[in-house]
Amino acid sequence: MKEPEVSLELAIQHGLNEEEYQRIQNLLGRNPTFTELGIFSVMWSEHCSYKNSIAELKKLPRSGGRLLVGAGEENAGLVDIGDGLAVCFKIESHNHPSAVEPYQGAATGVGGIMRDIFTMGARPIAALNSLRFGQLDKSRNRYLFDGVVRGIADYGNCLGIPTVAGEIYFEDCYSANPLVNAMTVGIVKHDQTASAIAQGQDCPVFVIGSRTGRDGIHGATFASEELSEESEHRRPNVQVGDPFTEKLLLEATLEMIREKIIVGIQDMGAAGITCSTTEMSAKGNSGMVIDLDKVPVREEGMTPYEIMLSESQERMLVVGKIGNEKRIREICEKWELICEQVGHVTDEPTLKVFFQNEKVAEIPPFDCVLGGGAPVYQREFARPAYLDILQNFDFDKLEAVEDLQDAFWKIFSSPNIASKEWVYEQYDHMVRTNTSIFPGGDAAVIRIKKTNKAISVKTDGNGRFVYLNPRRGGQIAVAEAARNVVCTGAIPLAITNCLNFGNPYKPEMFYLFREAVAGMGDACRVFETPVTGGNVSFYNESPESAVYPTPVIGMLGLIEDISHITTAFFKKSGDLIYLIGKNQNEIGGSEFLKEFYGKIAGDCPQLDLEYEKLIQNTLLEAIRKGWVSSAHDISDGGLAVALAECCIMNKINPIGATIKLPDANTRPEWQLFSESQSCILISISPDFRKSLEQFFIKQKVKLQYLGKVGGSHFIINDWLDIVVNDLLRNYYQIIPDQMET
Amino acid sequence: MKFGVVVFPGSNCDHDMYHALKILAGNEVQFIWHQDTSLAGFDGVVLPGGFSYGDYLRAGAIARFSPILQEIIRFAKKGKIVLGICNGFQVLTESGLLPGALMRNQNLRFICKHVYIRTENNQTVFTKGLKSGQILRIPIAHGEGKYYIDDHNLKKLDEHRQIVFRYCSPDGQLRDEYNPNGSKASIAGVINKEGNVLGMMPHPERAIELLLGSADGRYLLESMIG
C-alpha cells in the first residue's frame, strides 16, 4: 500500500495553513505521513480545536454554582440537583450537514449529542432543539424545514427520548444556511458517571457499535468552511444515522458503566477514531497502540486514512478494565452489537497506529488536542459600520398605524409567532412519562421520578437582537432563557450554548462573536448560571450572505417541589392579570417592525441585569407562595401577542381576557408590540390580590394591574376586540397551511 | 396477578408500562427479555410501545419471529391476558393474534398528541371498569397506526363486538377530523374473539397521573389488573 506524498500543498488542501503545517513538522521532527496529516487536519480544524474561539470562551464563567464537572473537562457538563443526582446537558450544531441533506443532517445531529450525554453515564431524558430557516414562501426552505423536522423526529422517536422543547424562526438570512442545533439532557447518579479517559498500561481498547464505513470522512473539515456552490458535492460527507443501533448502544453503554468494568469511554463523533483515541489518551496522559486491521469495516479496501477519519455514526471507543474483557463482550452480545478489541493503552504517551503490520502514524496525542498542542489564535476584530447606522434608526419617522387590529393580525400571523404544534406533534414528547409541561409553553418541565423535583429546560436565542447589538443581545439571550424557566417555577442553574456565527477571519464578524460572548458572560455572572460547555459553529455563510450572529442558550432550571410547576395560560374566569416589569415601548428589532414595516433596525431593547434578576427572584417567590395561576414572559410580538397566547395556549380550554392599558405618552402600537425585557404576565386569583401587591411593593418590583380573565373575546382598550376562537384557529393553522398545501 | 412487560431490542415504552403497573397495583410486575422462552408464573403479558428491532421491514414484522413471541402465542391460546400497546399492537396483528393491519398514518407523519377515544365494548376483562360509551383522553404516539381491515372482516369484528375503542370528538362523535391517523371506522383498539388479547394504539400507561396531563388510562389498566 502506497500513501500519497505529503507536501505543503496537500496540507493546504486539507484546510491547514503554512504555519500549522510547520508546527506539525516541528512537533514530529519530520514530515507527517498521509494518515498523520489527516489526523492533524481534523484535530486542528475549527470544529475540533476551537482554535479561533477558545480564547474568548475562556472568559465565560465556567465553574461554581452546582457544577460538578465544568466546561471542557468532559464531553458535557454535570450539574448537581440534589438527591444524589446530577443533570448532564449539552447543545451542538449540525448546520452544514443539514443544509445539504436535511433529514440525515438533523438526525445525526440528534444522535451525536445523545452519545455525548450517555457516554458520561447519564440516561438521556429529554431532547431539545433550536432551528432557523429562510422564509416558508420558498419551496427550498419548506423542503429543508420538513426534512430537518422529520430527521429529528425519526431519530428521537425511535430512540425513545422525548423531544420536549425548542424554538424555530424563519428569516431570510438563514435561507442558504439553516441552523440546526440539538440539545440533550440526561440524568445520572453521582457515583455512576464515566470519564473519557484512557489510562493503565495494557488496558484493552474496544470499538463497539456500528461498522466503520466511508461516510462522513472530513465532516469536521466541512463544518469548518463556508457553504458554497460546491457544498452540494459535500453530500457524501454527511453521515447516515441508525437510531435503532443507537438505542442498543445506549443500553449497552449504560450497563457497562453501571457495572464499573470500564476505565473510560468516548463516543465517536467528529473525526471518529482519530478524535476519540487522541483525546482519551491526552486526558490520561497516556498513549495507545491501535491496529486498524481489527476495526470492523463496512467495505473492503478502506485505507488507514479513511478508517481513522470516518465519521460513521453509532460507535464508541471503550477502554476496559483488565480482566473484564469477557463481560464487556457479553454485554455487547446481549444488545447485538459488534465489539472488537482494536488495541491497548500504553503508559508511554504516544499514539501508534498500525495497518497491515506497517506503522502509519506515530504521534503525541497531547499535541493534537484542544487544551494541548492544538493552535490557539486571537483573531482580529473591528466594529462593523452598520451597527451605528441601524442603531440610530429614527422610529418617529415611521408612519403611525391606523388600524391596530389589522396590525395585530399581521404580526400574529407571522410563522415566527404562530404555534409550532405542527412540528412538535411529530416528536414523541411524552415517552418516558415525565413530561409535565409540553412543548409550546415557556419552557418544558420534566419531573424526576422517585423525587419531588422537576427540571425545566429551554433553548433560546434572538439573532436579530445580537445583530443589532451584540453585547446586549448576548445578555438578552441568557436573560430570556432564564426568565422562561423561572416562569415555570424553576430556579436557573446553568447553561450550555451553541454559537452560530460567520467566518471568524473577517474582523467584523469576529467582533460580533467576541461581543456576544462577553454579553453572555455578563448575564451568566449575574444569574449565577455557569456555562457547562457547548459548541461553536463558525462559517455560517453562503455566497449570498452570512446568518445573523445567533448564540443559542440551553438553560437548565430546577423546580424543588413539583407543586410549584406553573404553566403559561390563563386558567379561570375572574382571575386578575398583572404585568411584572416595565414596558418601555421599544420596537427596535421587533417582530412588529419586521412584519408591519418590513424593517430590521433600531437598537435592541434595554436590559438591566440586576433588575432582571430581582424580577425573576420575586416571581419565583410569588410562585412558591402559591399565588400565581399562570406566568408567561413577554417576547416576540410584545405584550399584545403574549396576552393573546395566554388566552389560547391551552388549546382545549381557551378563555378570553379584557385588558385596560393606561394612557401613555406614546403610540399605542408601540405599547402593544414593544419587546421590552424583564416583563412577565401573570394571572392570580382575586383572593391573593392584596398579598401580591404588597409583596411586590416590598420587593421594589413594578407590578401593573392590566385586567381580568374571562369571556370569549380578547379585548385591549378600544384597540383590539377579537373572538378567542378566531385567535385559536389562526395560531394553530398558520404553519400547517404553509406546509400541507 | 403477576404481569410481565416484554422487552425487545428497540422497545422504549417498556419502563413506562412497568412504572404504571407498579403505581397502580404495586402488584408484581417484571420485565421479560425477548430471548426468554417461558412465561411460567405470569397471569398477563404486556407488549409495550417502541420500535422493536428498529421496525425494520415493517413495524412489528421482525418481533413476531422472536423466541418470546412463540411462547406468547401459546400463552394467549390458553386464555391468559395479553395487552399490546402501539408497537405491541403492531406485533399482535403481525403475529396473527389480532385481525387487521396497521399502516402508515394518513398524513404520512408521526403523530404525538392527546386524542379522545370512546369505549365501544365495556364487557371485556380490559374495560370492565369503564362505562359503555365512556370517553377517555389518552395520548397517541405513532407513525404507523392507521388500522386497516377489509369490509367483510370489519363486519365480523362488529358482530363479535371486537371493536373496543374508536377515536372520537371530545363529546363522543365519530368524525374524520377526530380520526388522527385515518383508521378504518375510526378503530383505535380491537380484541380477539376469545376476549383475552387486546391491541390498541393509544398509550394508557402515559395517562395515569394528572401531573402529566391525564389520568384516564387508569380505568383501563386497573380493569386489567382486576
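Since this is a predicted model, take the numbers as computed values, not measurements.

J.: Can you help me understand the overall build of chain A in this one?
T.: Helix and strand counts for chain A come out as 25 helices and 26 strands. A globule of 741 residues ought to have a C-alpha radius of gyration of about 27 Å, and chain A, at 26 Å, matches this closely. Referenced to the eigenvectors of the C-alpha coordinate spread, the extents of chain A come out at roughly 85 × 55 × 50 Å. For chain A, the proportion of its 741 residues judged to be buried stands at 67%.

J.: So what exactly am I meant to see when it comes to the overall build of chain B here?
T.: Counting its regular elements, chain B contains five helices and eleven strands. Expected size for 226 residues packed as a compact globule is a radius of gyration near 17 Å; at 16 Å, chain B falls within 12% of this value. Along the first, second and third principal axes, the C-alpha atoms of chain B reach 45 × 35 × 30 Å. A burial count over chain B gives 62% of its 226 residues as buried. Here the analysis covers contacts within chain B between residues at least 6 apart in sequence; of these, 75% occur between residues at least 24 apart. Working note: accessible area of chain B is about 8,500 Å², and carbon and sulfur atoms make up 49% of it. A gap of 3 Å separates the mean positions of the 25 positive and 22 negative side-chain charges of chain B.

J.: Can you help me understand the packing of aromatic side chains in this one?
T.: Between two aromatic rings, the relevant description is the distance of the centres plus the angle of the planes. Residues and elements named next belong to chain A. All told, the structure shown has 33 aromatic pairs over all chains when counted by the stated rule. Ring geometry for Phe40 and Trp44: centres 5.1 Å apart, planes at 75°, overall edge-to-face. Of the two residues, Phe40 and Trp44, neither departs from the other in class, the shared state being buried. Ring centres 6.4 Å apart and planes at 90° place the aromatic pair Phe538 and Tyr539 in the edge-to-face group. Take Phe538 and Tyr539: they sit in the same class, and that class is buried. Within the aromatic cluster, the residues linked to one another by ring pairs are Phe408, Trp409, Phe412, Phe714, Tyr731 and Tyr732. For Arg23, the ring lying beneath its charged end belongs to Trp44, and the centroid distance is 5.6 Å. One residue, Arg514, lies across the ring of Phe381, its end atom 3.9 Å from the ring centre.

J.: Just checking my understanding: could you explain the domain arrangement of chain A for this structure?
T.: Interfaces are often described in size by the accessible area the parts lose on coming together. In terms of domains, chain A is made up of domain 1 (194-376) and domain 2 (566-741). Taken over C-alpha atoms, the centre of domain 1 of chain A sits 50 Å from the centre of domain 2 of chain A.

J.: Looking at this structure, how should I read the pattern of salt bridges?
T.: Where side chains of opposite charge bring their charged atoms close, a pairing between them can arise. All chains considered together, the criterion is met by 51 salt bridges over all chains. A salt bridge links Asp406 of chain A to Lys410 of chain A; the nearest nitrogen and oxygen atoms lie 3.6 Å apart. On the criterion of helical spacing, the pair formed by Asp406 of chain A and Lys410 of chain A is a turn pair, its members being four residues apart in helix 15 (residues 404-412). The partner of Asp151 of chain B in a salt bridge is Lys184 of chain B, with the nearest N and O atoms 2.8 Å apart. On the criterion of sequence distance, the pair formed by Asp151 of chain B in helix 4 (residues 151-159) and Lys184 of chain B in the loop between strand 9 (163-168) and strand 10 (187-191) is long-range, its members being 33 residues apart. The partly exposed category is assigned to Lys184 of chain B, whose relative accessible area is 21%. One salt-bridge network, held together by shared partners, links Asp146, Arg150 and Glu740 of chain A together with Arg109 of chain B.

J.: What is the right way to look at the sheet that holds strand 2 (residues 29-33) of chain B in this model?
T.: Adjacent strands of a sheet form backbone hydrogen bonds with each other and so pair up, either parallel or antiparallel. Residues and elements named next belong to chain B. Read across the open sheet, the nine strands follow the order 2-1-3-4-11-10-9-6-7; overall the sheet is mixed. Since the sheet does not close on itself, it has two edges, and those belong to strand 2 and strand 7 (135-142), each with one partner. For this sheet, the mean inter-axis angle between neighbouring strands, taken without regard to orientation, is 25°. As paired strands, strand 1 (residues 3-7) and strand 3 (residues 44-47) are joined by three bridges and run parallel to one another. If you follow Phe3 over to strand 3, its bridge partner there is Gly44. In the packing of helix 5 (residues 217-225) onto the sheet, contacts are made with strand 1, strand 3, strand 4 (81-85), strand 7, strand 9 and strand 11 (197-200), and the angle to strand 4 comes to roughly 155°.

J.: Would you mind showing me how to read the sheet that holds strand 7 (residues 204-209) of chain A here?
T.: All names here are of chain A. If you trace the seven strands from one edge of the open sheet to the other, you get 8-10-7-11-9-12-13, paired in mixed fashion. A strand with exactly one partner marks an edge of an open sheet, and here the two such strands are strand 8 (262-267) and strand 13 (358-363). Averaged over all adjacent pairs, the angle separating strand axes in this sheet is 25°, with direction ignored. Bridge count between strand 12 (residues 351-355) and strand 13: five bridges; the pairing is antiparallel.

J.: What is the right way to look at helix 11 (residues 272-284) of chain A in this model?
T.: An α-helix turns once every 3.6 residues. As a result, residues three or four positions apart point the same way. Residue and element names in this part refer to chain A. Taking 1.5 Å of rise per residue, 13 residues should cover 18 Å, and helix 11 covers 19 Å from first to last C-alpha, within 8% of that figure. Summarising burial for helix 11: eleven of the 13 residues are buried, a large majority. Of all the positions in helix 11, only Gly272, Ile273, Thr274, Cys275, Ser276, Thr277, Thr278, Met280, Ser281, Ala282 and Gly284 are classed as buried. Positioned one or two residues after helix 11, Asn285 has a phi angle of 50°, which is positive.

J.: Please clarify how empty space enclosed by the protein should be interpreted in this entry.
T.: Taken as a whole and judged by the stated rule, the model has five cavities of 30 Å³ or more. Around the largest cavity, the lining is made up of 14 residues, and of these Tyr169, Glu171, Asn462, Gly463 and Arg464 of chain A lie nearest the centre. Here the lining of the largest cavity is built from residues that sort into three nonpolar, five polar and six charged. Computed from the structure, the second largest cavity encloses a volume of approximately 90 Å³. Around the second largest cavity sit 13 residues that line it, and Arg123, Gly160, Lys247 and Arg432 of chain A together with Asn12 of chain B are the ones nearest its centre. Counting residues per element, the ones that place at least two in the lining of the second largest cavity are helix 10 (243-258) of chain A together with helix 1 (14-25) of chain B.

J.: Explanation requested: the confidence of the model for chain B in the structure shown.
T.: Any region with low pLDDT has predicted coordinates that should not be read closely. Within chain B, residue pLDDT values average 96, and 100% of them lie at 70 or more. Reported for the predicted complex are a pTM of 0.96 and an ipTM of 0.97.

J.: I would appreciate a short explanation of helix 5 of chain B in the present structure.
T.: Regarding helix 5 of chain B, the residues found buried are Gly217, Leu220, Leu221, Ser223, Met224 and Ile225 of chain B. Positioned one or two residues after helix 5 of chain B, Gly226 of chain B has a phi angle of 85°, which is positive.

J.: Please clarify how the packing of helix 15 of chain A against helix 25 (residues 724-739) of chain A should be interpreted in this entry.
T.: Relative to each other, helix 15 of chain A and helix 25 of chain A sit at 30°, their axes nearing to 10 Å. The segment helix 15 of chain A lies against helix 25 of chain A, with Phe408, Trp409 and Phe412 of chain A engaging Asp726, Leu727, Asn730 and Tyr731 of chain A.

J.: Looking at this structure, I do not really get the interface of chain B and chain A. What am I missing?
T.: Every contact between the two is made by 31 residues of chain B and, on the other side, 33 residues of chain A. Counting the contacts that link chain B with chain A gives four salt bridges. Salt-bridge contacts for Glu740 of chain A lead to Arg109 of chain B; the nearest nitrogen and oxygen are separated by 3.0 Å. Scanning the region where chain B abuts chain A turns up 14 residue pairs in polar contact (both at pLDDT 80 or more). At the level of secondary structure, the elements contributing two or more residues to the side of chain B that touches chain A comprise helix 1, strand 6 (111-119) and strand 7 of chain B. A per-element tally of the side of chain B that touches chain A places strand 6 of chain B first, with five residues. Of the residues assigned to the side of chain B that touches chain A, the class counts are 15 nonpolar, eight polar and eight charged.

J.: Is there a simple way to explain the nonpolar core in this structure?
T.: The nonpolar side chains of a soluble globular protein tend to be buried with one another. In this structure, Phe145 of chain A together with Ile72 of chain B are the most contacted members of the largest nonpolar core, which totals 118 residues. With sequence-adjacent residues up to four places away left out, Phe145 of chain A is seen in contact with Phe133, Leu136, Ile168, Phe170, Trp422, Val423, Ile735 and Met739 of chain A. Within the second largest apolar cluster, 50 residues are counted, among which are Leu390, Ile587, Tyr597 and Leu681 of chain A.

J.: Would you explain the environment of Arg667 of chain A in this entry?
T.: All names here are of chain A. Here Arg667 shows up in the loop between strand 22 (657-659) and helix 23 (668-673). As a C-alpha pair, Arg667 and Ala400 span 267 residues in sequence and 7.6 Å in three-dimensional space. If sequence neighbours within four positions are ignored, Arg667 has contacts with Phe395, Asp396, Leu398, Glu399, Ala400 and Tyr597.

J.: So what exactly am I meant to see when it comes to unusual backbone geometry here?
T.: The bulk of non-glycine residues show a negative phi, and the bulk of peptide bonds are trans. Residue and element names in this part refer to chain A. With a phi close to 55°, Glu336 is a non-glycine residue in the positive phi region. Note that Glu336 resides in the loop between helix 13 (325-334) and strand 11 (338-346). Exposure remark for Glu336: the relative accessible area of 45% places this residue in the partly exposed category. Phi angles above zero are rare outside glycine, and Lys450 is one such case at about 70°. Tracing the backbone shows Lys450 in the loop between strand 15 (444-447) and strand 16 (454-460).

Reading the values: the criteria
Residues numbered from 1 in each chain as written. Chains lettered and ligands numbered in written order. Predicted model: local features only at pLDDT ≥ 70, side-chain atom pairs only at ≥ 80, totals over all residues. Heavy atoms only, no water. Helix = DSSP H or I, 4+ residues; strand = E, 2+ residues; numbered from the N terminus. Rg over C-alpha atoms; globule rule 2.2 N^0.38 Å. Buried < 20%, exposed > 50% of the residue type's maximum accessible area, 1.4 Å probe, protein only. Contact = heavy atoms within 4.5 Å. Areas by Shrake-Rupley, 256 points an atom, 1.4 Å probe, with all protein chains shown as cover. Lys, Arg positive; Asp, Glu negative; His and termini not counted. Charge placed at Lys NZ, Arg CZ, Asp CG, Glu CD. Phe/Tyr/Trp six-rings, centres within 6.5 Å; stacked < 30°, edge-to-face > 60°. Lys NZ or Arg CZ within 6 Å of the ring centre and 35° of its normal. Domains from an automatic or database assignment. Salt bridge = Lys/Arg side-chain N within 4 Å of Asp/Glu carboxyl O. Pairing = 2+ DSSP bridges. Axes fitted to C-alpha atoms, helices over the stretch in contact; angles between N-to-C directions. Expected span 1.5 Å × (residues − 1). 1 Å grid on protein atoms, 1.4 Å probe; cavity = no way out; pocket = protein on both sides within 12 Å on 5 of 7 lines; lining within 4 Å. Points joined across faces, edges and corners; volume = space filled by probe spheres on them. Nonpolar A, V, L, I, M, F, W, Y, C, P; charged D, E, K, R; others polar. pLDDT = per-residue confidence, 0-100. Polar contact = N/O pair within 3.5 Å; in protein donor to acceptor, adjacent residues only side chain to side chain. Core = buried A, V, L, I, M, F, W, Y, C linked by side-chain atoms within 4.5 Å.

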